Number of protein chains: 2
Amino acid sequence: MGTSAHTVKAFDQDLDQLRASIAQMGGLAEDAIAESMRALMQRDIEAANRVIENDKKIDALEAVVERDAVQLIALRAPMADDLREVVAALKIAGVVERIGDYAKNIAKRVHVIEHSASIEPLSLLPEMARIVGEMVHNVLDAFAARNSKIAVMVCERDRAVDDFYNSIFRTLLTFMMENPQNIGAATHLLFIAKNLERMGDHATNVAEMVYFAATGEQMGERTKGESPLDPVDD
Amino acid sequence: MGTSAHTVKAFDQDLDQLRASIAQMGGLAEDAIAESMRALMQRDIEAANRVIENDKKIDALEAVVERDAVQLIALRAPMADDLREVVAALKIAGVVERIGDYAKNIAKRVHVIEHSASIEPLSLLPEMARIVGEMVHNVLDAFAARNSKIAVMVCERDRAVDDFYNSIFRTLLTFMMENPQNIGAATHLLFIAKNLERMGDHATNVAEMVYFAATGEQMGERTKGESPLDPVDD
């Protein structure tokens, strides 16, 4: 075929540029998770506002990834596997953008629960957020290194996140029943826990894409990112 | 340029095929919203199971859209605006797939609240769902017809959805405070309302993409899809 080594190298450089932008998005999303949780724990409105403001950077980077991906396709006309890699990069950028939105949503709730009484189940949230932040970090490492083993590990960690979610859900329900006057604040914590649980699902979805790109096979059904049913009927 | 009328026509036919698959996804998502709500109102477990099962069809169609889009790009090497249209189609398919997931999530909750006492705020949900279903229908019409006016109308309707959400949120909180024994079931309804609200946001996001594709301009900030803060602090 007419593809010269020169063309191949140019494509790889462009793809690396795409990957670098996505890594940058991932770093910002990771920071947003940690900072939104810190703002929540310390009722730090200014920190929460910074998270909300910084989400615009993630959105802007997604637009850059999209623009660069379109240019790369138009300029290099990649075929088959290469094209699929560019499309995967586009999709992953979209997922990271959504993870950033969830962190922003958590930060927004800091404003509303600022003056609420201290709530016991709050103490489980930072640990849950720490695991989710690690999943986001690791899955983007897996993406950068095309490493299917790390991708499988990320999926496995999602079970811990689901366990945290179920535990927080039960605790909050009990808390609400015992403290009806704090139902409003507890509801916000419920949504925050749900946001973290969804971030874990999204990291798992990216892990599945990375696994597929690296191995050509779908990851087993059991590890797939899927919301657990909230365990209220016991 | 060397682009023959023949090539252009082939591209348009391929793009029409993509659009047809997305329209089919949209029809299934619309059905899923209506059916999950009917199953919820009538505590119809079998109908809920059908919604959960049918979501696989939406997922499969998204995979078809992705495969066809990759083939189209590889085969026709579309440039500039044409390429952007294909990328937009890919993104829109992703959003419709997520709307289907939200409907599936509602259907899953039918199992858990089946035997709960009847809950007053439940009566607002079907009307909220009806508007969301219409938004999904209309935004895919707007996409098919490249109609920016319909896209703007869809964004405007999202305010009604947010109003419904806020109203249901307040009502459920009051209900929980007055009936602590039903907090579990009420929490599920809260998540269902949130799922519908998110579907409205996603339809709005698609409307923004359609608007941009049709006019080359971003829709004003005010109409953008964004989760409302739950109004608990009053």
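Chain A is annotated in an unreviewed UniProt entry as Phosphate-specific transport system accessory protein PhoU from Allosphingosinicella humi. Listed under Sequence similarities (unreviewed entry) in UniProt, the entry text for chain A is "Belongs to the PhoU family."

Chemist: How do you make sense of the relation of the copies chain A and chain B when you look at a structure like this?
Modeler: Both copies of the chain are related by one operation, a rotation about an axis with a shift along it. It takes a turn of 180 degrees to lay chain A on chain B, together with a shift of 0.0 Å along the axis; the resulting RMSD is 0.0 Å. Between the two chains, the operation in question is that of a two-fold axis.

Chemist: I would appreciate a short explanation of the packing of aromatic side chains in the present structure.
Modeler: A ring pair, where both rings are aromatic, is described by two values, the distance of the centres and the angle of the planes. Scanning the model with the defined rule gives 5 aromatic pairs over all chains in all. Ring centres of Y165(A) and F169(A) lie 6.0 Å apart, and the angle between their planes is 45 degrees; this geometry places the pair in the tilted category. Placement of the pair is Y165(A) and F169(A) together in helix α5 (residues 148-178), with a separation of 4 residues, close to one helical turn. Classification of Y165(A) by relative accessible area gives buried; the value is 0%. Their ring planes at 25 degrees and their centres at 6.4 Å tell us that F169(A) and F191(B) sit as a pair that is stacked. Separated into two different chains, F169(A) in helix α5 and F191(B) in helix α6 (residues 183-215) make up a pair that spans both. Of the two residues, F169(A) and F191(B), both sit in the buried class. Through a chain of ring-to-ring contacts, the aromatic side chains of Y165(A), F169(A), F191(A), Y165(B), F169(B) and F191(B) assemble into a single cluster. The ring centre of F143(A) lies 4.4 Å from the NZ or CZ of R19(A), which sits over that ring. Lying over the aromatic face of F191(A), K194(B) brings its terminal NZ or CZ to 5.5 Å of the ring centre.

Chemist: What should I look at first to understand the interface of chain A and chain B in this one?
Modeler: Size of an interface: often given as the accessible area lost when the parts come together. If you look at the interface, chain A gives 37 residues, while chain B gives 37 residues. For K91(A), the salt bridge is made with E66(B), and the minimal N-O distance between the two is 2.6 Å. Linking chain A with chain B are 2 residue pairs in polar contact (both at pLDDT 80 or more), by the criterion used here. Elements with a minimum of two residues in the side of chain A that touches chain B: α2 (45-76), α3 (80-113), α5 and α6 (183-215) of chain A. For the side of chain A that touches chain B, the leading source of residues is α3(A), giving 12 residues. Of the residues in the side of chain A that touches chain B, the class split is 20 nonpolar, 5 polar and 12 charged.

Chemist: Looking at this structure, I do not really get the confidence of the model for chain A. What am I missing?
Modeler: Interpretation of the predicted coordinates at a detailed level should be avoided for regions scoring low in pLDDT. A residue-level look at chain A finds 87% of positions with pLDDT of 70 or above and a mean pLDDT of 88. By mean pLDDT, the top-scoring element of chain A is helix α4 (residues 125-145) of chain A (95), and the lowest-scoring one is helix α1 (residues 5-41) of chain A (90).

Chemist: When you look at the packing of α4(A) against α5(A) in this model, what are you seeing that I'm missing?
Modeler: The description of two helices packed together rests on the angle between their axes and the distance between the axes. All names here are of chain A. Packing of α4 against α5 leaves a shortest axis separation of 9 Å and a crossing angle of 165 degrees. With respect to their mutual orientation, α4 and α5 come out roughly antiparallel. Note on packing geometry: the crossing formed by α4 with α5 is left-handed. Where α4 abuts α5, its residues L125, E127, M128, I131, V132, E134, M135, N138, V139 and A142 lie against I150, A151, V154, R157, D158, A160, V161, F164, Y165 and I168. Classifying every residue of the contact of α4 with α5 by side-chain character gives 15 nonpolar, 1 polar and 4 charged.

Chemist: When you look at the packing of helix α4 (residues 125-145) of chain B against α6(B) in this model, what are you seeing that I'm missing?
Modeler: All names here are of chain B. Remark: α4 packs on α6, axes separated minimally by 9 Å, with the N-to-C direction vectors making an angle of 20 degrees. The angle between α4 and α6 places the two elements in the roughly parallel class. As for how α4 packs across α6, the hand of that crossing is left-handed. Contact residues: L125, M128, A129, V132, M135, V136, V139, A142 and F143 in α4; L189, I192, A193, L196, E197, M199, G200, A203, T204, V206, A207 and V210 in α6. A breakdown of the residues in the contact of α4 with α6 according to their chemical character gives 18 nonpolar, 2 polar and 1 charged.

Calculation criteria
Residues numbered from 1 in each chain as written. Chains lettered and ligands numbered in written order. Predicted model: local features only at pLDDT ≥ 70, side-chain atom pairs only at ≥ 80, totals over all residues. Heavy atoms only, no water. UniProt positions renumbered as here; feature names shortened; annotations may be inferred. Least-squares fit on C-alpha atoms with pLDDT ≥ 70 in both. Phe/Tyr/Trp six-rings, centres within 6.5 Å; stacked < 30°, edge-to-face > 60°. Helix = DSSP H or I, 4+ residues; strand = E, 2+ residues; numbered from the N terminus. Buried < 20%, exposed > 50% of the residue type's maximum accessible area, 1.4 Å probe, protein only. Lys NZ or Arg CZ within 6 Å of the ring centre and 35° of its normal. Contact = heavy atoms within 4.5 Å. Salt bridge = Lys/Arg side-chain N within 4 Å of Asp/Glu carboxyl O. Polar contact = N/O pair within 3.5 Å; in protein donor to acceptor, adjacent residues only side chain to side chain. Nonpolar A, V, L, I, M, F, W, Y, C, P; charged D, E, K, R; others polar. pLDDT = per-residue confidence, 0-100. Axes fitted to C-alpha atoms, helices over the stretch in contact; angles between N-to-C directions. Parallel < 35°, antiparallel > 145°, perpendicular 65-115°, else oblique. Left-handed = near helix turned anticlockwise from the far one by under 90°.

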